[in-house]
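What follows is each chain in one-letter form.
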Amino acid sequence: MPNIKYVNEDKEIVVADGANLRLKTLENNIDLYKFVGKMMNCGGYGQCGTCVVEIVEGMENLSPRTPVENQKLKKKPENYRLACQTLVNGPVSVKTKP
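Residues numbered from 1 in each chain as written. Predicted model: local features only at pLDDT ≥ 70, side-chain atom pairs only at ≥ 80, totals over all residues. Heavy atoms only, no water.

## Focus on the overall build of the protein chain
Line of reasoning, step 1. Looking only at helices and strands, one finds three helices and seven strands in the protein chain.
Line of reasoning, step 2. In the protein chain, the succession of helices and strands from N to C terminus is β-β-β-α-α-β-α-β-β-β.
Line of reasoning, step 3. Taken over the C-alpha trace, the protein chain has a radius of gyration of 12 Å; the compact-globule value for 98 residues is 13 Å, and the two agree within 12%.
Line of reasoning, step 4. For the protein chain, the C-alpha atoms occupy an extent of roughly 30 × 25 × 20 Å along the three principal directions.
Line of reasoning, step 5. Across the 98 residues that make up the protein chain, the buried fraction comes to 40%.
Line of reasoning, step 6. Sequence-distant contacts in the protein chain: of pairs separated by 6 or more residues, those separated by 24 or more amount to 59%. (Helix = DSSP H or I, 4+ residues; strand = E, 2+ residues; numbered from the N terminus. Rg over C-alpha atoms; globule rule 2.2 N^0.38 Å. Buried < 20%, exposed > 50% of the residue type's maximum accessible area, 1.4 Å probe, protein only. Contact = heavy atoms within 4.5 Å.)

Structure (structure tokens):
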């Protein structure tokens, strides 16, 4: 079972293989959104781009970037992901609100 370490929050959670990063983050009361994202997020469909996270470690333990992510994150570093489009398959360290 993979664990997700949240660097800024100094918190670690254990999730099932294939867990959605956005869903598990919100279920564990970790603030994922900046101010505007709290009001106007798309609910996890990859349309708004407000759930951006930075992967510090464990990029190889995540699902590949989706076409939606490639579109929304084309000017961001490769280690930035949309939490709503990311599945966790192993240990990973994440920075929220990069």
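There is more to say, and it comes next.
## Some thoughts on the side chain of E69
Line of reasoning, step 1. Structurally, E69 is set in helix α3 (residues 67-72).
Line of reasoning, step 2. Given a relative accessible area of 0%, E69 falls into the buried group.
Line of reasoning, step 3. Excluding anything up to four places from it in sequence, E69 contacts P64, K74, R81, L82, Q85 and T86.

## A look at the sheet that holds strand β1 (residues 3-6)
Line of reasoning, step 1. Taking strand neighbours across the sheet as the criterion, the five strands line up as β2-β1-β7-β4-β5 in an open arrangement whose pairing is mixed. Lying at the two open borders of the sheet, with one neighbouring strand each, are β2 (11-14) and β5 (80-82). On average, adjacent strands in this sheet sit at an angle of 35° to one another, irrespective of strand direction.
Line of reasoning, step 2. Of the pairings in the sheet, the one linking strand β4 (residues 52-57) to β5 comprises three bridges and is antiparallel in character. (Pairing = 2+ DSSP bridges. Axes fitted to C-alpha atoms, helices over the stretch in contact; angles between N-to-C directions.)

## Points about unusual backbone geometry
Line of reasoning, step 1. Here the phi dihedral of D10 falls at roughly 50°; this positive angle occurs in a residue that is not glycine.
Line of reasoning, step 2. You can call D10 exposed: its relative accessible area is 66%.
Line of reasoning, step 3. For K97, which is not a glycine, the phi torsion comes out positive at approximately 50°.
Line of reasoning, step 4. Take K97: it is sitting in the segment after β7 (92-96).

## Some points on the pattern of salt bridges
Line of reasoning, step 1. Summed over all chains, the structure comprises three salt bridges.
Line of reasoning, step 2. Here K24 ties to E27 by a salt bridge, and the two come within 3.0 Å at their closest N and O atoms. Here E27 and K24 lie together in helix α1 (residues 21-27), a separation of three residues that amounts to about one turn.
Line of reasoning, step 3. The exposure class assigned to E27 is partly exposed, which follows from its relative accessible area of 46%.
Line of reasoning, step 4. One salt bridge connects K97 with D31, and the closest N-O pair in it is separated by 3.1 Å. Here K97, found in the segment after β7, pairs with D31, found in the loop between α1 and α2 (35-40); they are 66 residues apart in sequence, far enough to count as distant.
Line of reasoning, step 5. For D31, a relative accessible area of 32% corresponds to the partly exposed category. (Salt bridge = Lys/Arg side-chain N within 4 Å of Asp/Glu carboxyl O.)

## A look at the nonpolar core
Line of reasoning, step 1. Counting residues in hydrophobic clusters, the biggest one holds 22 residues, and the most contacted among them are I4, L21 and V94.
Line of reasoning, step 2. Contributions of two or more residues to this core are made by β1, β4, β5 and β7.
Line of reasoning, step 3. Counting residues per element, this core draws most heavily on β4, which supplies three residues.
Line of reasoning, step 4. Apart from the residues within four sequence positions on either side, I4 is in contact with K11, E12, I13, V15, L21, V88, V92 and V94. (Core = buried A, V, L, I, M, F, W, Y, C linked by side-chain atoms within 4.5 Å.)

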